[in-house]
Amino acid sequence: MRIDKVDSERGHVETNYFSILNPFTGEFKEFGTPRNSHHFTCGFGYDSSIYDYKLVAISDNDGCSNIDVYTVKSDSLNSIKGTVNYSFGITGKRSHGVFFNGALHWLGSKSTQKTSSEVVVCFDTSSETMLNMSLPENIMPPKGFCGHVYKNLGVWGDCICVAFAYDLVRLDVWVMQRYRVKDSWFKKYTTTRLPWSSHEIPFWKPLLCFDSGVILLDTGGKELLLFDPTTERVRSVVVRDITAMYSNRESYFETIASLGSTTYLERQITDETVKNPKRQRFSYNTALVNNESKMNRNELLGYLSSKTFEAFYVI
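Here is a short report on the structure shown in this document. (Residues numbered from 1 in each chain as written. Predicted model: local features only at pLDDT ≥ 70, side-chain atom pairs only at ≥ 80, totals over all residues. Heavy atoms only, no water.)

## As for the overall build of the protein chain
Which entries qualify depends on this criterion: The numbering of helices and of strands both runs from the N terminus, where a helix is a DSSP run of H or I of at least 4 residues and a strand a run of E of at least 2. Three labels apply to residues, based on accessible area from a 1.4 Å probe with only protein chains included: buried if under 20% of the type maximum, exposed if over 50%, partly exposed otherwise in between. Here, two residues are considered to be in contact whenever any of their heavy atoms come within 4.5 Å of each other. Using the Shrake-Rupley algorithm and a 1.4 Å probe, accessible areas are obtained, with residue cover drawn only from the displayed protein chains.
Of the regular secondary structure elements, the protein chain holds one helix and 25 strands. Looking at the protein chain residue by residue over its 315 residues, the buried ones come to 45%. Considering only contacts in the protein chain between residues 6 or more positions apart, those separated by 24 or more positions represent 48%. About 16,800 Å² of surface is accessible on the protein chain, with carbon and sulfur atoms providing 50% of the total.

## Quick word on the sheet that holds strand β20 (residues 233–237)
The cut-off we apply is this: Being paired, for any two strands, means DSSP has found at least two bridges between them. Interaxial angle, 0 to 180 degrees, is taken between N-to-C directions of lines fitted to C-alpha atoms, where a helix line uses only the stretch in contact.
Taken in spatial order, the four strands line up as β17-β18-β19-β20 in an open sheet, and their pairing is antiparallel. Two strands close off the open sheet at either side, each with one partner strand: β17 (205–209) and β20. Averaged over all pairs of adjacent strands, the angle between their axes in this sheet comes to 30°, without regard to strand direction. Of the strand pairs in this sheet, strand β18 (residues 215–218) and strand β19 (residues 224–228) are connected by three bridges, and their pairing is antiparallel. Of the residues in β19, the one forming a bridge with Leu217 is Leu225.

## Some remarks on the state of the cysteines
This is how the line gets drawn: The disulfide criterion used throughout: a pair of cysteine sulfur atoms within 2.5 Å.
Evaluated as defined, the whole model comprises zero disulfides. Between Cys161, a free cysteine, and Cys209, which holds the nearest cysteine sulfur, the sulfur-to-sulfur gap is 7.5 Å. For Cys161, a relative accessible area of 1% translates into the label buried.

## As for the nonpolar core
Our working definition: To define a nonpolar core, start from buried Ala, Val, Leu, Ile, Met, Phe, Trp, Tyr and Cys residues and group those joined through side-chain atoms within 4.5 Å.
In terms of nonpolar packing, the biggest core is built from 16 residues, with Trp156, Leu171, Val173, Trp196, Trp204, Leu217 and Phe227 touching the most fellow members. If you list the elements that add at least two residues to this core, you get β14 (159–166), β15 (170–176), β18 and β19. With four residues, the top contributor of residues to this core is β14. If near-sequence neighbours (up to four positions away) are discounted, Val173 is found in contact with Trp156, Cys161, Val162, Ala163, Phe186, Lys187, Lys188, Tyr189 and Trp204. Grouped together as the second largest cluster of nonpolar side chains are 15 residues, Phe100, Leu107, Val162 and Met176 included.

Now the structure itself:
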């Protein structure tokens, strides 16, 4: 997100902008938000019913959630006033939506006047409706544990997963084996061999899951990790240009789909730079990792040693 601040006779005015980037073509497009709230979460997904991409921003308004839906190709905005108050301040380092099964998902809390409960908040990009799913029940922390529990949402294979990091003591990963079926939560993995140092906030998110069972992990540090749940073997992965920025990494599939903006990032060609006069309007805080269909398959380590991931930064 980018924020422009303008002083006018009527006072200090701030305008929030979201920027959407196609990393393959370098084309980007900006949306000005109609709200001035800094307390919001967002997500980016695909609406298969209209073959278009949507950016969703959720903010709080007097105890209920405001939902702004930006449709990319049609360049349109739909504002929806929710009937339930959701908050997203409990998720630790990340609150960007995880797109899965036609919906965006966040970890959050559902509040009423008397109670508050932690849930997985879901937004269906086609119907533009919001619902929630319960977190696993009967979660057992380490014996005698009284520290902080960090929770992160992701996708493990073809299932939504939630990682519970008990400070630097233990990590449990739960998967929902049948989507939106409460009783299908299953503890997939648990370990005390943790990849964080004492000064890091625990974070664990799968970026890619391979047929061999190996997982490409984002743990919030400078490097990505290759992790084998069976042997618990961990290897660092060198990704070009990604170590300088390690906030909000995501995976993507290459596409030539146009955003209809005709505005492009500057591209580096050997030692020369092709400049775009509009580029100064674009800033960065997210890293995307190229998710190629060719990456499979049983010779994962050999592939990684012979090919470098492409990395891009977007807002």
